[in-house]
Structure formats: C-alpha cells, structure tokens
Amino acid sequence: MSRTVEAQAPVSAPVQAAYSYCEAVTGQQARNFAYGIRLLPADKRQAMSALYAFSRRVDDIGDGTLADDAKEARLEETRALLGRIRDGRVDEDDTDPVAVALADAARRFPIPLGGLDELIDGVLMDVHGESYETWDDLKVYCRCVAGAIGRLSLGVFGTQPGAPGIERAGEYADTLGLALQLTNILRDVREDAGNGRTYLPSDDLAKFGCSTGFNGPVPPPGSDFAGLVHFEVRRARALFAEGYRLLPMLDRRSGACVAAMAGIYRRLLDRIERDPEAVLRGRVSLPGREKAYVAVRGLSGLDTRHVSRQTARRRA
C-alpha cells in the first residue's frame, strides 16, 4: 500500500481552500490528534485533516442535542454524502469544503472509505443506546468508531514495500484503534455516564461491583473500582503492544505520527493507572509540554526501533 503517483500532483485553489478549512477544524478541535499529524508531510497532513473533519462531523451529530430520529436522519444524509464522494460526484467547486477535501484525498491515496460507513454505524449504536455485555461485544463498537479510523489512516500513511509482516498492517492499525478507544472509554467514564452511556462491558462491571454506574466523584459503594480500572488498563496495554507492531511497516514520518498519537494515549493510561479515581473527579489530560515531548520522541524513531528489536527477537 505505497503512496500513489497522484499524491504528488498539485491541488487547485478551491481544493487548497477546502484543505485549509479541514486543517483549521483539526487544529481547533483535535487536541491529541493534531500533535501527531503535524509530523506528516503536507499532502498526508491534508488528507488526515480531511478524514478528521468528516469524522468529527459524524461524531458531533451523535453527541449533539437533536432528537434521536433527527440524528438518524442527519447520519443517513452524511452517509449519502459519503456515497457521492466514493462515486466521484463531488466537484471542486462544491459548497461543502469537507466533502471537497475528502474527495481529493480519496483520489490521491488508497483510502478505504467504507471505514467511514463503519464510523456512522458505530455512532448509530450510540444513538440507539446500545450497551455491551462482554468485551467481544464492545470490540464490535470499538472497531466501528476507532479501528476503522486506524485502517482509514493506513490508507494515507501507506506501508514500506517489503516490510516483514506487511500483510497484517491493517490488522495492527485496527488493533491500535481499539487501544486508543478503550483508553478514551476509561478516561471519559464519568462524562459518558452523565450522558446516559455506559461502554465498559456489563460482565466486567458486575465482576468488580460497579454495576450501579458512575454518577459521582467517588466509586459505587462496596465496589472495587481500582480493580476494574487496572483490569481494563491491562487489556488496553495488550492492545497497544500488538498494535505497535505496525510502526516498522511505516515510513519515518508516518511512523512518527502514529507513535506520537499512540504515545499520548499510553501516557494517559499511565496516569489513569496511578490514580484510578481521577477519572471520576474530572477529565484526565496531559499538559502541552508532555504532548510535545511525545511528538519529539515519535520523530526520533525510538518506539519504532524498540518494536523492530522485539520483532527480530521473536523471529530468532
């Protein structure tokens, strides 16, 4: 999945304006995502911004204040727009800059746009109030809203020809998306509860005495909330370890982008592990200087080299 020749072609003024709009949306709203994509060359950064802007539109519909039937209608309208993009029926003078930018990105890179259909499916699960009994159930949702984004991003990044294990690149991108989403779920457990949503599997909640939910700044009475968090952290760490095997398959700057984005979430996971109840008191986040450090570390290639050494030892 190497970059296409078309990815080098210049863009027209209307398309450039559309990309600028998407980059502005990304810079304003993607707190962690933006640190990674800054490390990409311009064409890949623009394409990733277009993917983010479209994905953000879908998420905003699901998280908005419209009635559920209105949300469903808006999501299906967005799916129809995606169909127009897929069929090449969006012109560069279209009035929707996100559609213009994504259509151009899809012409330049082998982006599997069906992943955005999966994202819409996942947001519809939220609209319908789905809950998840087991981890296998939750994985279906995570693959829709995050694993698909990993596979879409891989279409922009491309892979290094001849990289060992390259046939599993899509699988690793998907798994890394699951790791990021599970970290998100842990971080946002109180906020989601306030919105009437519970993502953690009910089997896990019952096991640790947390079935009554998380509606306050302290754990449910008699629960082992720390045990629940540590259990889910271990699951997320295993997903990160598997997903990181993607890094040696990417070029230096794409690998730096992935390492930076994933590194920020791994550090969030560290903070959550050290103080599980922090997620009930407020939103756990990293200061900007720490995010910048993670981005520099990604650009240095330390994580990629570490994964490469581990892979070589496994093959020996």
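I keep staring at helix H4 (residues 68-86) and nothing clicks. Help me out?
Every α-helix carries 3.6 residues per turn, so stepping three or four residues along brings you back to the same face. Compared with the 27 Å implied by 1.5 Å per residue over 19 residues, the 27 Å span of H4 between its first and last C-alpha is a close match. Residues Lys-71, Leu-75, Thr-78, Leu-81, Leu-82, Gly-83 and Ile-85 constitute the buried set of H4. Gly-88 lies just past H4 and shows a positive phi near 70°.

Where do I start with empty space enclosed by the protein in this structure?
Using a probe with the size of a water molecule, rolled over the atoms, empty space left in the structure can be pinpointed. By the definition in use, this model includes 1 cavity of 30 Å³ or more. Roughly 50 Å³ of internal volume is contained in the largest cavity. Residue lining of the largest cavity: Ile-185, Val-189, Asp-192, Ala-193, Arg-197, Thr-198, Tyr-199, Leu-200 and Phe-214, and that is the complete set. Ranked by residues supplied to the lining of the largest cavity, first place goes to helix H9 (residues 189-194) with 3 residues. The residue inventory of the lining of the largest cavity, partitioned by class, reads 6 nonpolar, 1 polar and 2 charged.

Just to check I follow, could you spell out the packing of aromatic side chains for this structure?
What describes a pair of aromatic rings is the distance from one ring centre to the other and the angle between the planes of the rings. If you walk through the whole model with that rule in mind, you get 7 aromatic pairs. Clustering of aromatic rings is evident, with ring pairs tying together Tyr-132, Tyr-141 and Tyr-199. The cationic tip of Arg-38 hangs over the ring face of Tyr-35; the distance from NZ or CZ to the ring centre is 4.8 Å. Here the basic side chain of Arg-266 rests over the ring of Tyr-244, its NZ or CZ set 4.6 Å away from the ring centre.

Help me out: how do you make sense of the packing of helix H12 (residues 252-274) against helix H14 (residues 288-300) in this one?
Viewed as axis vectors pointing N to C, H12 and H14 meet at an angle of 140°, and their least axial separation amounts to 7 Å. The pairing of H12 with H14 is recorded here as oblique in orientation. The two elements H12 and H14 cross, and the hand of that crossing is right-handed. Only Glu-290, Lys-291, Tyr-293, Val-294, Ala-295, Gly-298 and Leu-299 of H14 make contact with H12, whose side of the interface consists of Arg-252, Ala-256, Ala-259, Ala-260, Gly-263, Ile-264, Arg-267 and Arg-271.

Please clarify how the nonpolar core should be interpreted in this entry.
Ranked by size, the top nonpolar core spans 101 residues in total, and within it Phe-54, Ile-85, Leu-116 and Phe-214 carry the most contacts. Here this core gets 11 residues from one element, more than from any other, and that element is helix H7 (residues 135-157). In contact with Leu-116, other than residues within four places in its own chain, are Leu-51, Phe-54, Ser-55, Leu-82, Leu-102 and Leu-152.

What counts, and where the lines are drawn
- Residue numbers run consecutively from 1 along every chain, following the written order of its sequence.
- pLDDT decides what is reported in this predicted model: residues at 70 or higher carry local features, side-chain atom pairs at 80 or more are listed and counted, and totals for whole chains, interfaces and linings draw on all residues regardless.
- Side-chain numbers here rest on the full set of heavy atoms in the structure, without hydrogens or water.
- Only runs of H or I of at least four residues qualify as helices and only runs of E of at least two qualify as strands under DSSP, and these elements are numbered from the N terminus.
- A helix is expected to span 1.5 Å for every residue after the first.
- Any residue under 20% of the maximum accessible area for its type is buried, any over 50% is exposed, and the rest in between are partly exposed; the area is computed with a 1.4 Å probe on protein chains only.
- Cavities and pockets are found on a 1 Å grid laid over the protein atoms alone: a cavity is a set of points where a 1.4 Å probe fits but cannot escape, a pocket is an open set with protein on both sides within 12 Å along at least five of seven lines, and a lining residue has an atom within 4 Å of such a point.
- Grid points are joined across faces, edges and corners, and a volume is the space filled by probe spheres set on the points.
- Gly is put with the polar residues, along with every residue not named as nonpolar or charged; the nonpolar set is Ala, Val, Leu, Ile, Met, Phe, Trp, Tyr, Cys and Pro, and the charged set is Asp, Glu, Lys and Arg.
- In summary, the pairing rule links any two rings of Phe, Tyr or Trp, Trp by its six-membered ring, whose centres are within 6.5 Å, and it sorts them by plane angle into stacked for under 30 degrees, edge-to-face for over 60 and tilted for everything else.
- Only lysine NZ and arginine CZ atoms are considered, and such an atom sits over a ring when it is within 6 Å of the ring centre and within 35 degrees of the ring normal.
- Between N-to-C directions, angles span 0 to 180 degrees; the directions come from axes that are lines fitted to C-alpha atoms, helices contributing only their stretch in contact.
- With respect to orientation, any angle under 35 degrees is reported as roughly parallel, any angle over 145 as roughly antiparallel, any angle of 65 to 115 as roughly perpendicular, and every other angle as oblique.
- It is the rotation of the near helix from the far one that decides the hand of a crossing: anticlockwise by less than a right angle makes it left-handed, clockwise makes it right-handed.
- Whether two residues touch is decided by their heavy atoms; if any such pair falls within 4.5 Å, the residues are in contact.
- Buried residues of nine kinds, namely Ala, Val, Leu, Ile, Met, Phe, Trp, Tyr and Cys, make up a nonpolar core once their side-chain atoms join them within 4.5 Å.

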